[in-house]
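Per-entry structural report
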Amino acid sequence: MTTGIGARVKRKEDKRFITGKGKYTDDVRMENQAYAAFVRSPVAHANVKSIDKSAALAMEGVVDVLDGHQLTGDGIGNIICGWAVTSKDGTPMKMGAWSALATQKVRYVGDAVAVVIADTQQQARLAAEAVEVEYEELPVVAFADKALAEGAPQIHDEAEGNLIYDWDIGDAAKADAGLAAAKHITEMEITNNRLSPNPMEPRSAVATYDEAEEHYTLYTTSQNPHVARLVLSAFYNVAPEHKLRVIAPDVGGGFGAKIYIYPEEITCLWASMKTNRSVKWTADRSEAFITDAHGRDHISTAKMGFDENGKITGFKVDTIANLGAYMSLFSSSVPTYLYATLLSGQYDIQNLHANVRAVYTNTVPVDAYRGAGRPEACYLIERMMETAAREMGMKPAELRAKNFVKEFPHETPVIMTYDSGDFDANLAQAEAAADVAGFAKRKEEAAKRGKLRGLGYSCYIEACGIAPSAAVGGLGAGVGLWESAEVRVNPVGTIEILTGSHSHGQGHETTFAQIVAERFDLPIDNVSIVHGDTDKVQFGMGTYGSRSGAVGMSAIVKAMDKVEAKVRKIAAHQLEASEDDIVIEGGEVKVAGTDKALGWHEIGLAAYTAHNLPPDMEPGLKESAFYDPSNFTFPAGTYICEVEVDPETGVTEVVQFTASDDFGTIINPMIVEGQVHGGLAQGIGQAMLEQVIYDDDGQLITGSYMDYTMPRAADLPNFSVHHASTVCPGNPLGMKGCGEAGAIGSPPAVINAITDAIGNNDLAMPATPQNVWNALQAVSAAQAAE
Ligand code: MCN
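Here the residue numbers are simple positions, counted from 1 along each chain's written sequence. pLDDT decides what is reported in this predicted model: residues at 70 or higher carry local features, side-chain atom pairs at 80 or more are listed and counted, and totals for whole chains, interfaces and linings draw on all residues regardless. Only hydrogens and water are removed before side-chain values are computed, so all heavy atoms of the structure are retained for them.

Let us now look at the pattern of salt bridges. Each reported salt bridge corresponds to a side-chain nitrogen of Lys or Arg within 4 Å of a carboxyl oxygen of Asp or Glu. Under the definition given, this model contains 44 salt bridges. A salt bridge links Arg125 to Asp284, with the shortest nitrogen-to-oxygen separation between them at 3.8 Å. Of the two residues, Arg125 is situated in helix α4 (residues 121-130) and Asp284 in the loop between β12 (278-282) and α9 (285-291); the sequence distance between them amounts to 159 residues. Its salt-bridge partner being Glu642, residue Arg442 comes within 2.8 Å of it at the nearest N-O pair. With Arg442 in helix α13 (residues 439-448) and Glu642 in strand β26 (residues 636-645), this residue pair connects regions lying 200 residues apart in the sequence. Side by side, Arg442 and Glu642 carry an identical accessibility label, which is buried. The network of salt bridges with shared partners includes Asp435, Arg442, Glu445, Arg449, Arg453, Glu642 and Glu644. Comment: elements are numbered from the N terminus, with helices defined as DSSP H or I runs of at least four residues and strands as E runs of at least two. Each residue is assigned to one of three classes by its accessible area relative to the maximum for its type, calculated with a 1.4 Å probe on protein chains only: buried under 20%, partly exposed between the two thresholds, exposed over 50%.

Turning next to the side chain of Lys566. For Lys566, the position within the fold is in helix α16 (residues 548-575). The charged-residue count follows a simple rule in which Lys and Arg add positive charge and Asp and Glu add negative charge, with His and chain termini not counted at all. There is no salt bridge for the buried Lys566, and the closest opposite charge comes from Glu623, which lies 4.9 Å off by N-O distance. Other than its neighbours up to four places away in sequence, Lys566 contacts Met617, Glu618, Pro619, Gly620, Leu621 and Glu623. Working rule for contacts: check all heavy atoms of both residues, and any pair within 4.5 Å makes them a contact.

Note that the residue after Ala467, namely Pro468, is joined by a cis bond; omega there is -15°. Tracing the backbone shows Pro468 in the loop between β18 (452-461) and α14 (469-474). Here the residue pair Met765 and Pro766 is connected by a cis peptide bond, since its omega of -10° sits within 30 degrees of zero. Within the chain, Asp435 stands out as a residue other than glycine whose phi angle is a positive 50°. Along the chain, Asp435 turns up in the loop between α12 (423-433) and α13.

What is shown is where atoms sit, not what they do.
Structural data, given as structure tokens:
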């Protein structure tokens, strides 16, 4: 069986995962290990008047109780936001201070004020409850629109009226003119529900301080251990970089929530030095709900104008984005450069303007969650397109196709340059696979069973593999967005790939090995992938924004180019041939057209024995590369959802879901389909079930799986997943990212299908039976009033 590009190779890593042999952070047991339990605010906004540790300190097993004054007193820095966004009036974003342990004020339920270190987890948790904190409660605001209202409680002194920035993109005058010239205008208010990421493995940290070496080691659930080390060192002053090792071992899902360096990791590292004990902390599920960064939470109004032929004349969007109580690491970029820049969708829109106001509220910080900004953009534009088509009496697919971008590269008015795509091909493939032609019959049949059947589209485009570094730097990014790789050919010819990417479910150990096995025509088991340890791997940027394929694998290709060049030189020298005549195949390095050959392992050995290398050649066979892409990649596709609604109860079933995606060159179709399945499950979860709910006091109502509804297998149909790809011109493999597409493209398809079924375009996510039933009642009431 071939294991190269395009092969459905079974995931190498699954043997350890499905036999329970994965090694996760919580599996790490250190000598002399103690446990941390955080003392968290039970109220959403308060001054901290006093902390009485005496009862806790007297309890059995308690090593110490540490607070924010001690932490800041030791010079531990405030938590940073890594992307500077400038308001349209030229002022910088207004960021309030965030200390890992709050000193004077708490700003959300769950904000930590102290940490207990004890011999056992149970002792630490019991003692945390015995720490007496006196809070002077302050008025609370938990909702984005209310946070901007006059007289709303002030959350940070630095951000007057809770406004972090008021930013815009595009041309307002042109968008207004486009709307003024329109024959038809569709206007909508659209909310994007707040979500909790819920990776299967909760966040965890094990920190160890070696007093003799003045060295720290942190095992943690991170998607980017190198960036974690950099930030922990450069900004949080935990330790200089060369005195800090960060290891992200097996990580059980991240979905964005494990990009950030949270208060808990900082505190555990510092506490390990303070107590001279290894300190372990693992969130339980309730703690995860109140500490993991949430996602989405937008309120938008949008107007889209069309001419008499259905061509878009202008598009205007006004969005309020809730960033929670503090600005998390990439929070500022999500509703700006990852959202508004995608509002052109798959369409040729000349006149577009978006305004975004980001606000503080007394809620958990909000940051990137699978898709990050792009699902919000896709949801908005695809709900608008479907609604507009209905209002104008056009077929939704026809309206979209009329406005599709057809030529590439295409520059949008919101700074993106789409490099490739064939949107018509994806639409046609999805329509055929979904049997759209047979829908009317299925609807009729459903009606006989008393069910309302609906069909909804979503034609999504997204941008991933965020790049190039110089361009994103110009937009305010605090980091470069390249990736690094090292290819080590061992003396016996086996190969280790050291990558700055981090796999936490995406199957890198398989796909990365596939491109190496193909390139050097070797068995895939001769290749291993090393990642997630700052002591082993050179600096890298980590995994998020579906970048590991397009960026991480491109760095490997670059390093392989260098290895191959050296291999050719060694072989040409030893076989007395021209480098141009050397071919690498079947585990050998040969001279084309002759029987002269060396085994691949002989080349490896020759490089390290160095007995017979070309003059001036250095021994060894190891090369590294840094790859900075020239552009984002633009995965796109069409999703079609079919639902059945029970009009008596509002209960809705997704009966069919069809996807046609363009991911460029596909390395492993099985892994890619798995990625799409996972993304679809999360997107359908957002559309149908999931929502983080706060009450007016900032108390989290959905703090457990009793209240926060995750999608289960029974809630989902068998997905019908297809590919119609165009090659990405921006990277050597021609790949586009696939890790987020499902979550980005699916929510509008679901809601468009339900609104089609019930005959009411006004339906918010999640489409719970109650919401759907209410929307149905509104239709009946309107009919009765006519
Ligand atoms: N791939 C491929 N062919 C392509 C594109 C990708 O074979 N044309 C393969 C890649 O080699 C890789 C996988 O598909 O094995 C995903 O690649 P890519 O789209 O580059 O995404 P990343 O590896 O960078 O993963 C990040 C992405 C994001 S941003 C989120 S969020 C997410 C996701 O991946 N979180 C996940 N998928 C997840 N899957 C799991 N199981 N767990 C998560 O936390």
